[in-house]
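Observations on the three-dimensional arrangement
Residues per chain are reported as follows:
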Amino acid sequence: MIPDEKNRITLACRALLIQEENRNVLLETGIGAFFNPVLRDRYGVDEQDHILLNSLKEQGLSHTDIDYVILSHLHFDHAGGLLAKWEEGVEPRLLFPNARYLVSQAAWERAAHPHARDRASFIPHLNELLMKSQRLILVKKEKQDLLGEHYRFMFSDGHTPGLMHTIFKNNQDTIIFASDLIPGLPWVHLPISMGYDRFPETLIDEKKKLLEFAIQQDAHVFYTHDPHVSMSKIRQDEKGKFIPV
Ligand SMILES: [Zn+2]
């Protein structure tokens, strides 16, 4: 990846839609279009539109058709798409009026009480809006009865406390939602971590565990931020280095 003159690299903000017989489950919402023009420029957000809404439309869906939105954490590039597009003088409002929103208890608390170092990564008033919706579910354990047997959760703390990884498994496939523990292919290599990671050494230990689990399950690892690749399987070479395949 080659950085631009402001030392920024190209990243995607990718969500995953799981369509089951009678429900639509959305894993994250991307960055959306909630930023005002000043912030949009600062973070170099290329898209003016709420791209996720366009992508849902291509599938014949609207945000009102989503039954569950599962959020790995509440950083703006993962949860910003919960909000309608920014408009001058209009208060932020939540999309997905028929969905339950799932967030881990620890990620919720971090968003409510951020550290000075990561405060800018959270969206002001988002917790309040989610709480007011009365459709918020705070997840504390691996299994959530509502979601059924195909879903379970793993948690990590290295990127941010309470990062929640959805593991979806049916008869054919297993998908692990790596979120910011492994945001894209370059981060599969163990020692590589992001400047945003709060606890890099913890992250590397957790990443190793997740990659070993992915190999053992022959799972697809889903990457939210890789600009080119949405999923890969993992193998280890003879020296033990993890490689996306
Ligand atoms: Zn993050």
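This section reports on the structure supplied with the text. (Residues numbered from 1 in each chain as written. Predicted model: local features only at pLDDT ≥ 70, side-chain atom pairs only at ≥ 80, totals over all residues. Heavy atoms only, no water.)

Further remarks concern the pairing of strand S4 (residues 100-104). The element S4 is extensively covered by neighbouring structure, given that 4 of its 5 residues are classed as buried. Judged from the 3 bridges that link them, strand S3 (residues 68-70) and S4 form a sheet pairing that is parallel. Considered in S4, the bridge of tyrosine 68 is made with arginine 100. Summarising the sheet, S4 and strand S5 (residues 136-139) pair through 4 bridges and their orientation is parallel. Within S5, the position partnered with valine 103 by the bridge is leucine 138. (Buried < 20%, exposed > 50% of the residue type's maximum accessible area, 1.4 Å probe, protein only. Helix = DSSP H or I, 4+ residues; strand = E, 2+ residues; numbered from the N terminus. Pairing = 2+ DSSP bridges.)

Here we take up helix H4 (residues 105-112). Along H4, the positions that sit buried rather than exposed are Ala107, Trp108, Arg110 and Ala111. An end-on view of H4 places all buried positions within 165° of arc, on one side of the element. Elements in contact with the buried residues of H4: S4, helix H5 (126-133) and S5. (Arc of directions from axis to C-beta. Contact = heavy atoms within 4.5 Å.)

On to the environment of glutamate 109. With respect to the helices and strands, the residue glutamate 109 is situated in helix H4. Residue classification places glutamate 109 among the partly exposed positions, given a relative accessible area of 41%. In the structure, glutamate 109 is positioned 29 residues away from leucine 138 in sequence and 10.0 Å away in space, judged by C-alpha atoms.

On the secondary structure map, leucine 94 appears in the loop between helix H3 (76-79) and S4. Here the alpha-carbon distance between leucine 94 and glycine 80, two residues 14 residues apart in the chain, equals 9.7 Å. In this structure, leucine 94 is in contact with Leu82, Leu83, Tyr101, Leu126, Leu129, Leu130 and Ser133, ignoring residues within four places of it in sequence.

At 2.2 Å from the zinc ion lie its protein donor atoms, namely His73 (NE2), His75 (ND1), His159 (NE2) and Asp180 (OD). In the primary sequence, the donor residues of the zinc ion line up as H-x1-H-x83-H-x20-D. Across the pair, exposure class does not vary: histidine 73 and histidine 75 are buried alike. (Donors = N, O, S within 2.8 Å, 3.2 Å for Na, K, Ca; no water.)

By secondary structure assignment, the location of histidine 50 is in the loop between helix H1 (37-42) and helix H2 (51-58). Filtering out sequence-adjacent residues up to four positions away, histidine 50 remains in contact with Thr29, Gly32, Ala33, Gly81, Leu83 and Leu95.

Further remarks concern the nonpolar core. Core analysis: the largest hydrophobic core is formed by 31 residues, its most contacted members being Val69, Leu74, Leu82, Phe96, Tyr101, Leu126 and Leu130. When residues of this core are traced back to their parent elements, those giving at least two are H2, H3, S4, H4 and H5. The element contributing the most residues to this core is H4, with 3 residues. Within the second largest apolar cluster, 19 residues are counted, among which are Leu210, Ala214, Tyr223 and Phe242. (Core = buried A, V, L, I, M, F, W, Y, C linked by side-chain atoms within 4.5 Å.)

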